[in-house]
Amino acid sequence: MAFPQSILRSLCSLLFFLACAEALKFDIEAKSAGDRSRERCIRNFVAKDTLVVVTATVDGFKGDGMKVDMHIKDAVGNEYGKPKDVVGEQRMAFTSHADASFDVCFENHFTGSRGVSNPFRHIELDIDIGADAKDWSAVQATEKLKPVETELRRIEEMVQEIVAEMDYLRSREQKLRDTNESTNNRVKWFAFSTMGMLVALGAWQVIYLRAYFRSKHLI
(Lines give C-alpha, C1' and ligand atoms only; values in the text may rest on other atoms or scores of the structure.)
Protein backbone atom coordinates (compact mmCIF):
# COMPACT_ATOMS: atom_id res chain seq x y z
CA MET A 1 0.00 0.00 0.00
CA ALA A 2 3.01 2.32 0.22
CA PHE A 3 3.15 2.95 -3.51
CA PRO A 4 -0.47 4.18 -3.91
CA GLN A 5 -0.09 6.37 -0.80
CA SER A 6 3.02 8.00 -2.27
CA ILE A 7 1.17 8.65 -5.51
CA LEU A 8 -1.75 10.14 -3.57
CA ARG A 9 0.59 12.40 -1.58
CA SER A 10 2.31 13.56 -4.78
CA LEU A 11 -1.03 14.21 -6.45
CA CYS A 12 -2.31 16.18 -3.45
CA SER A 13 0.89 18.24 -3.40
CA LEU A 14 0.55 18.98 -7.11
CA LEU A 15 -3.10 19.98 -6.77
CA PHE A 16 -2.30 22.17 -3.77
CA PHE A 17 0.43 23.90 -5.75
CA LEU A 18 -1.93 24.48 -8.67
CA ALA A 19 -4.57 25.86 -6.35
CA CYS A 20 -2.16 28.31 -4.77
CA ALA A 21 -0.47 29.37 -7.97
CA GLU A 22 -3.27 31.79 -8.87
CA ALA A 23 -2.68 34.24 -5.98
CA LEU A 24 -0.97 37.45 -7.11
CA LYS A 25 0.15 40.61 -5.35
CA PHE A 26 1.22 43.72 -7.22
CA ASP A 27 1.14 47.51 -7.19
CA ILE A 28 -0.49 49.56 -9.93
CA GLU A 29 0.44 53.15 -10.55
CA ALA A 30 -2.16 55.82 -11.12
CA LYS A 31 -2.15 57.36 -14.59
CA SER A 32 -3.90 60.23 -16.26
CA ALA A 33 -7.12 59.64 -18.16
CA GLY A 34 -5.45 59.88 -21.59
CA ASP A 35 -2.67 57.39 -20.85
CA ARG A 36 -3.30 54.14 -22.74
CA SER A 37 -0.67 52.17 -20.76
CA ARG A 38 -2.51 52.47 -17.44
CA GLU A 39 -4.36 49.13 -17.76
CA ARG A 40 -2.80 45.97 -16.29
CA CYS A 41 -4.31 42.59 -17.12
CA ILE A 42 -3.92 39.08 -15.75
CA ARG A 43 -4.76 36.34 -18.26
CA ASN A 44 -5.83 32.77 -17.64
CA PHE A 45 -7.46 30.01 -19.66
CA VAL A 46 -10.74 28.38 -18.74
CA ALA A 47 -12.89 25.71 -20.33
CA LYS A 48 -16.53 26.30 -21.27
CA ASP A 49 -19.19 26.13 -18.53
CA THR A 50 -16.60 26.34 -15.75
CA LEU A 51 -17.19 28.24 -12.53
CA VAL A 52 -14.68 31.04 -11.90
CA VAL A 53 -14.43 33.16 -8.76
CA VAL A 54 -12.27 36.28 -8.87
CA THR A 55 -11.40 37.92 -5.55
CA ALA A 56 -9.55 41.23 -5.61
CA THR A 57 -8.47 43.16 -2.51
CA VAL A 58 -7.51 46.77 -3.18
CA ASP A 59 -6.01 48.99 -0.49
CA GLY A 60 -6.63 52.71 -0.09
CA PHE A 61 -9.91 54.54 0.43
CA LYS A 62 -12.39 56.46 -1.66
CA GLY A 63 -11.52 60.11 -2.05
CA ASP A 64 -7.72 59.66 -1.89
CA GLY A 65 -7.31 61.04 -5.41
CA MET A 66 -7.23 57.66 -7.16
CA LYS A 67 -9.83 55.28 -8.52
CA VAL A 68 -9.34 51.61 -9.45
CA ASP A 69 -11.68 50.03 -12.00
CA MET A 70 -11.90 46.35 -12.88
CA HIS A 71 -12.84 44.72 -16.14
CA ILE A 72 -13.29 40.97 -16.70
CA LYS A 73 -13.61 39.79 -20.30
CA ASP A 74 -12.56 36.86 -22.47
CA ALA A 75 -10.81 36.60 -25.82
CA VAL A 76 -14.01 36.04 -27.81
CA GLY A 77 -15.78 39.18 -26.59
CA ASN A 78 -17.82 37.98 -23.59
CA GLU A 79 -18.09 40.44 -20.71
CA TYR A 80 -18.23 39.19 -17.12
CA GLY A 81 -18.17 42.39 -15.09
CA LYS A 82 -16.90 45.98 -14.86
CA PRO A 83 -16.97 47.13 -11.23
CA LYS A 84 -15.95 50.75 -10.70
CA ASP A 85 -14.00 52.44 -7.91
CA VAL A 86 -13.00 49.20 -6.20
CA VAL A 87 -11.83 49.54 -2.58
CA GLY A 88 -11.39 46.66 -0.17
CA GLU A 89 -12.46 43.17 -1.17
CA GLN A 90 -14.35 42.70 -4.44
CA ARG A 91 -15.61 39.19 -5.21
CA MET A 92 -17.09 38.22 -8.57
CA ALA A 93 -18.28 34.79 -9.70
CA PHE A 94 -19.21 33.80 -13.25
CA THR A 95 -19.54 30.77 -15.50
CA SER A 96 -17.44 30.83 -18.65
CA HIS A 97 -19.26 30.92 -21.98
CA ALA A 98 -16.50 29.50 -24.20
CA ASP A 99 -13.20 27.64 -24.26
CA ALA A 100 -11.03 30.74 -24.22
CA SER A 101 -8.62 32.80 -22.18
CA PHE A 102 -10.06 35.53 -19.99
CA ASP A 103 -8.49 38.74 -18.69
CA VAL A 104 -8.88 40.38 -15.30
CA CYS A 105 -7.84 43.98 -15.95
CA PHE A 106 -7.23 46.83 -13.51
CA GLU A 107 -7.10 50.54 -14.22
CA ASN A 108 -5.85 53.11 -11.71
CA HIS A 109 -6.33 56.75 -12.62
CA PHE A 110 -6.36 60.11 -10.89
CA THR A 111 -9.73 61.56 -9.95
CA GLY A 112 -8.68 65.16 -9.33
CA SER A 113 -6.20 67.78 -10.43
CA ARG A 114 -4.24 67.83 -7.17
CA GLY A 115 -1.16 65.64 -6.91
CA VAL A 116 -0.92 62.43 -4.89
CA SER A 117 2.20 61.79 -2.83
CA ASN A 118 2.10 58.00 -3.31
CA PRO A 119 0.26 57.30 -6.60
CA PHE A 120 0.07 53.53 -6.13
CA ARG A 121 -2.61 51.07 -5.10
CA HIS A 122 -1.71 47.62 -3.80
CA ILE A 123 -3.80 44.76 -5.21
CA GLU A 124 -4.11 41.17 -4.08
CA LEU A 125 -5.75 38.98 -6.70
CA ASP A 126 -6.97 35.42 -6.24
CA ILE A 127 -8.53 33.43 -9.10
CA ASP A 128 -10.28 30.17 -8.29
CA ILE A 129 -11.36 27.93 -11.16
CA GLY A 130 -13.52 24.84 -11.19
CA ALA A 131 -13.35 22.77 -8.02
CA ASP A 132 -11.36 25.45 -6.21
CA ALA A 133 -14.18 27.94 -6.80
CA LYS A 134 -16.78 25.88 -4.94
CA ASP A 135 -17.74 26.58 -1.35
CA TRP A 136 -16.83 23.21 0.08
CA SER A 137 -17.90 24.20 3.57
CA ALA A 138 -21.43 24.65 2.27
CA VAL A 139 -21.22 21.34 0.38
CA GLN A 140 -20.06 19.59 3.55
CA ALA A 141 -22.87 21.08 5.58
CA THR A 142 -25.54 20.36 2.95
CA GLU A 143 -24.55 16.76 2.26
CA LYS A 144 -23.41 16.09 5.84
CA LEU A 145 -19.97 14.87 4.80
CA LYS A 146 -16.98 14.20 6.96
CA PRO A 147 -13.90 16.42 6.44
CA VAL A 148 -12.02 13.55 4.81
CA GLU A 149 -14.95 12.84 2.48
CA THR A 150 -15.17 16.50 1.56
CA GLU A 151 -11.46 16.64 0.76
CA LEU A 152 -11.71 13.47 -1.33
CA ARG A 153 -14.66 14.97 -3.24
CA ARG A 154 -12.64 18.09 -3.93
CA ILE A 155 -9.62 16.09 -5.12
CA GLU A 156 -11.88 13.90 -7.27
CA GLU A 157 -13.34 16.94 -9.03
CA MET A 158 -9.89 18.43 -9.55
CA VAL A 159 -8.67 15.17 -11.08
CA GLN A 160 -11.73 15.11 -13.35
CA GLU A 161 -10.90 18.65 -14.45
CA ILE A 162 -7.31 17.63 -15.21
CA VAL A 163 -8.55 14.64 -17.24
CA ALA A 164 -10.99 16.87 -19.14
CA GLU A 165 -8.23 19.36 -19.87
CA MET A 166 -5.97 16.55 -21.11
CA ASP A 167 -8.77 15.36 -23.40
CA TYR A 168 -9.20 18.90 -24.69
CA LEU A 169 -5.45 19.21 -25.35
CA ARG A 170 -5.48 15.84 -27.09
CA SER A 171 -8.33 16.94 -29.37
CA ARG A 172 -6.52 20.21 -30.09
CA GLU A 173 -3.36 18.29 -30.93
CA GLN A 174 -5.36 16.03 -33.27
CA LYS A 175 -6.85 19.04 -35.05
CA LEU A 176 -3.42 20.63 -35.42
CA ARG A 177 -1.98 17.37 -36.76
CA ASP A 178 -4.81 17.06 -39.28
CA THR A 179 -4.27 20.66 -40.36
CA ASN A 180 -0.53 20.05 -40.72
CA GLU A 181 -1.08 16.91 -42.81
CA SER A 182 -3.61 18.69 -45.01
CA THR A 183 -1.20 21.59 -45.53
CA ASN A 184 1.63 19.20 -46.39
CA ASN A 185 -0.55 17.44 -48.98
CA ARG A 186 -1.53 20.75 -50.55
CA VAL A 187 2.10 21.89 -50.70
CA LYS A 188 3.14 18.54 -52.21
CA TRP A 189 0.52 18.66 -54.97
CA PHE A 190 1.27 22.32 -55.63
CA ALA A 191 4.96 21.44 -56.06
CA PHE A 192 4.10 18.56 -58.44
CA SER A 193 1.79 20.84 -60.43
CA THR A 194 4.48 23.51 -60.66
CA MET A 195 7.07 20.96 -61.82
CA GLY A 196 4.64 19.58 -64.42
CA MET A 197 3.90 23.07 -65.73
CA LEU A 198 7.63 23.86 -65.98
CA VAL A 199 8.34 20.60 -67.84
CA ALA A 200 5.45 21.24 -70.23
CA LEU A 201 6.61 24.83 -70.78
CA GLY A 202 10.16 23.65 -71.49
CA ALA A 203 8.96 21.03 -73.98
CA TRP A 204 6.76 23.61 -75.75
CA GLN A 205 9.70 26.02 -76.00
CA VAL A 206 11.93 23.32 -77.53
CA ILE A 207 9.25 22.37 -80.11
CA TYR A 208 8.53 26.01 -80.94
CA LEU A 209 12.19 26.97 -81.34
CA ARG A 210 12.91 23.91 -83.50
CA ALA A 211 9.99 24.75 -85.78
CA TYR A 212 11.10 28.38 -85.95
CA PHE A 213 14.71 27.56 -86.86
CA ARG A 214 13.54 25.07 -89.53
CA SER A 215 11.28 27.66 -91.05
CA LYS A 216 14.29 30.01 -91.30
CA HIS A 217 16.42 27.19 -92.69
CA LEU A 218 18.88 27.54 -89.86
CA ILE A 219 18.87 23.84 -89.05
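Residues numbered from 1 in each chain as written. Predicted model: local features only at pLDDT ≥ 70, side-chain atom pairs only at ≥ 80, totals over all residues. Heavy atoms only, no water.

As named in an unreviewed UniProt entry, the protein chain is GOLD domain-containing protein, taken from Cudoniella acicularis. According to its UniProt record, the protein chain has this under Sequence similarities (unreviewed entry): "Belongs to the EMP24/GP25L family." What the UniProt record of the protein chain gives under Subcellular location (unreviewed entry) is the line "Membrane". (UniProt positions renumbered as here; feature names shortened; annotations may be inferred.)

Chemist: Tell me what's going on with the sheet that holds strand 6 (residues 88-95), and back it up with residues and numbers.
Modeler: Consider a sheet: its strands pair through backbone hydrogen bonds, and that pairing is either parallel or antiparallel. Taken together, four strands build an open sheet; the order of strands is 1-8-3-6 and the sheet is antiparallel. Either end of the sheet is taken by a strand with one partner, and the two such strands are strand 1 (24-29) and strand 6. Strand-to-strand, the axes of this sheet are offset by a mean angle of 25°, without reference to chain direction. Where strand 3 (residues 51-58) meets strand 6, eight bridges bridge the pair, whose relative direction is antiparallel. Across the sheet, the residue bridging to threonine 55 is arginine 91, located in strand 6. (Pairing = 2+ DSSP bridges. Helix = DSSP H or I, 4+ residues; strand = E, 2+ residues; numbered from the N terminus. Axes fitted to C-alpha atoms, helices over the stretch in contact; angles between N-to-C directions.)

Chemist: Can you explain the nonpolar core? Please cite residues and give values.
Modeler: Ranked by size, the top nonpolar core spans 22 residues in total, and within it Ile72, Phe102, Val104, Phe106 and Leu125 carry the most contacts. Elements represented by at least two residues in this core include exactly strand 1, strand 2 (39-46), strand 3, strand 4 (66-74), strand 6, strand 7 (100-110) and strand 8 (120-129). Those residues in contact with phenylalanine 102, other than ones at most four positions away along the chain, are Ile42, Arg43, Asn44, Val46, Val52, Ile72, Lys73, Asp74, Phe94, Ile127 and Ile129. If you look at the next biggest cluster of nonpolar residues, it comprises five residues, including Ala131, Trp136, Leu145 and Met158. (Core = buried A, V, L, I, M, F, W, Y, C linked by side-chain atoms within 4.5 Å. Buried < 20%, exposed > 50% of the residue type's maximum accessible area, 1.4 Å probe, protein only. Contact = heavy atoms within 4.5 Å.)

Chemist: Run through the state of the cysteines, naming residues and quoting values.
Modeler: Counted according to the given criterion, the structure contains one disulfide. Paired through a disulfide, cysteine 41 and cysteine 105 show a sulfur-sulfur distance of 2.0 Å. In this structure the cystine formed by cysteine 41 and cysteine 105 twists about its S-S bond by roughly 105°; its chirality is therefore right-handed. Taken together, the residues span a long stretch of sequence, with cysteine 41 in strand 2 and cysteine 105 in strand 7 at a distance of 64 residues. Exposure remark for cysteine 41: the relative accessible area of 35% places this residue in the partly exposed category. (Disulfide = S-S within 2.5 Å.)

Chemist: I'd like a rundown of the packing of aromatic side chains, residues and numbers included.
Modeler: Inspection of every chain in the model, using the stated rule, returns seven aromatic pairs. Ring geometry for phenylalanine 26 and phenylalanine 106: centres 5.8 Å apart, planes at 65°, overall edge-to-face. Taken as a pair, phenylalanine 26 in strand 1 and phenylalanine 106 in strand 7 lie far apart in primary sequence, 80 residues in all. Aromatic pair tyrosine 80 and phenylalanine 94: ring centres 4.2 Å apart, planes at 20°, arrangement stacked. Of this pair, tyrosine 80 sits in strand 5 (residues 79-81) while phenylalanine 94 sits in strand 6; the two residues are 14 residues apart in sequence, bridging distant segments of the chain. Grouping residues by exposure puts tyrosine 80 and phenylalanine 94 together as buried. Members of the aromatic cluster, connected to one another through ring pairs, are Tyr80, Phe94 and Phe102. (Phe/Tyr/Trp six-rings, centres within 6.5 Å; stacked < 30°, edge-to-face > 60°.)

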